Structure formats: C-alpha cells, structure tokens
Amino acid sequence: MLREEGGFQKAFRNILDEELHMSLNEFCRMSGISQSTVYKILEERREPNLRTVRDIVKALNQIYRRDAEKFLAVIASPTFMEELSAKDRKSVV
C-alpha cells in the first residue's frame, strides 16, 4: 500500500467507500481530522505525514470497534431468510 504511488490514498478511499460506506464529511466529523486535510490526501494533492496517518488509522480503529459493538446475531428459519430481499440478506449474514 505505501510502496505504490498513491497507495495510501487508494486504500483509504476504498475503506471509506466500499467498507464503511461513509462520506468524507462523516469521517472527518467522527475523527476530528480537518476536512481540508483529508480531501487533499484523497485527491493526491498532499502526501500524508506520519502524524496524519496515525490519526486516520486511530479513527478507523475506533469506527471498526464501534461497528463490532453493534453486532447482532439472529437465528431464523430458511423460509424467513428466503423472504428477505438481497440487500436485507447481505446485512443479516
């Protein structure tokens, strides 16, 4: 990730978009990192310094832990599962 030019930016954007489904504004509000800083990093207008990388990783760890705390397991019959839409099934599985 860090060996490739723009690797950090690509990985960070993928985490926000694909894994967390979180906007830049949401991430900045939750992390306390300035929107300007994160925007410049994601647009490859600025390379992140070590402190900013640490702050981003720390914020992501907190977000992932928060998501883990919201985990809920459900035991359901196959009939019930079949009636769920594909989107609902994905969030249940």
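Residues numbered from 1 in each chain as written. Predicted model: local features only at pLDDT ≥ 70, side-chain atom pairs only at ≥ 80, totals over all residues. Heavy atoms only, no water.

Caption draft 1: Representation of the overall build of the protein chain. Across its full length, the protein chain holds six helices and zero strands. Sequence-ordered secondary structure for the protein chain, helices as α and strands as β, is α-α-α-α-α-α. For the protein chain, buried positions account for 27% of its 93 residues. Counting every atom, the protein chain has about 7300 Å² of accessible surface; 51% of that belongs to carbon and sulfur. (Helix = DSSP H or I, 4+ residues; strand = E, 2+ residues; numbered from the N terminus. Buried < 20%, exposed > 50% of the residue type's maximum accessible area, 1.4 Å probe, protein only. Areas by Shrake-Rupley, 256 points an atom, 1.4 Å probe, with all protein chains shown as cover.)

Caption draft 2: Structural detail: helix α2 (residues 24–31). Among all positions in α2, only L24, F27 and C28 are buried. The arc that holds the buried residues of α2, viewed along the axis, is 95°, so those residues lie on one side. Looking one or two residues beyond α2, the residue adopting positive phi is G32, at roughly 85°. (Arc of directions from axis to C-beta.)

Caption draft 3: Quick peek at the packing of helix α1 (residues 7–19) against helix α3 (residues 35–42). It is at 9 Å that the axes of α1 and α3 come closest, and there the two elements cross at 115°. On α3, the residues touching F8, Q9, F12, R13 and L16 of α1 are V38, I41 and L42. (Axes fitted to C-alpha atoms, helices over the stretch in contact; angles between N-to-C directions. Contact = heavy atoms within 4.5 Å.)

Caption draft 4: Broad picture of the nonpolar core. Formed by 18 residues in total, the largest nonpolar core has its most connected members in F12, L16, L20, F27, V38, I56 and L60. Within the residue set of this core, elements represented by two or more residues are α1, α2, α3 and α4 (50–69). If sequence neighbours within four positions are ignored, L16 has contacts with H21, M22, F27 and L42. (Core = buried A, V, L, I, M, F, W, Y, C linked by side-chain atoms within 4.5 Å.)

Caption draft 5: A look at the pattern of salt bridges. Taken as a whole and judged by the stated rule, the model has one salt bridge. D17 is the salt-bridge partner of R13, the closest N and O atoms lying 3.6 Å from each other. Of this pair, R13 and D17 both sit in helix α1, four residues apart, which is roughly one turn of the helix. (Salt bridge = Lys/Arg side-chain N within 4 Å of Asp/Glu carboxyl O.)

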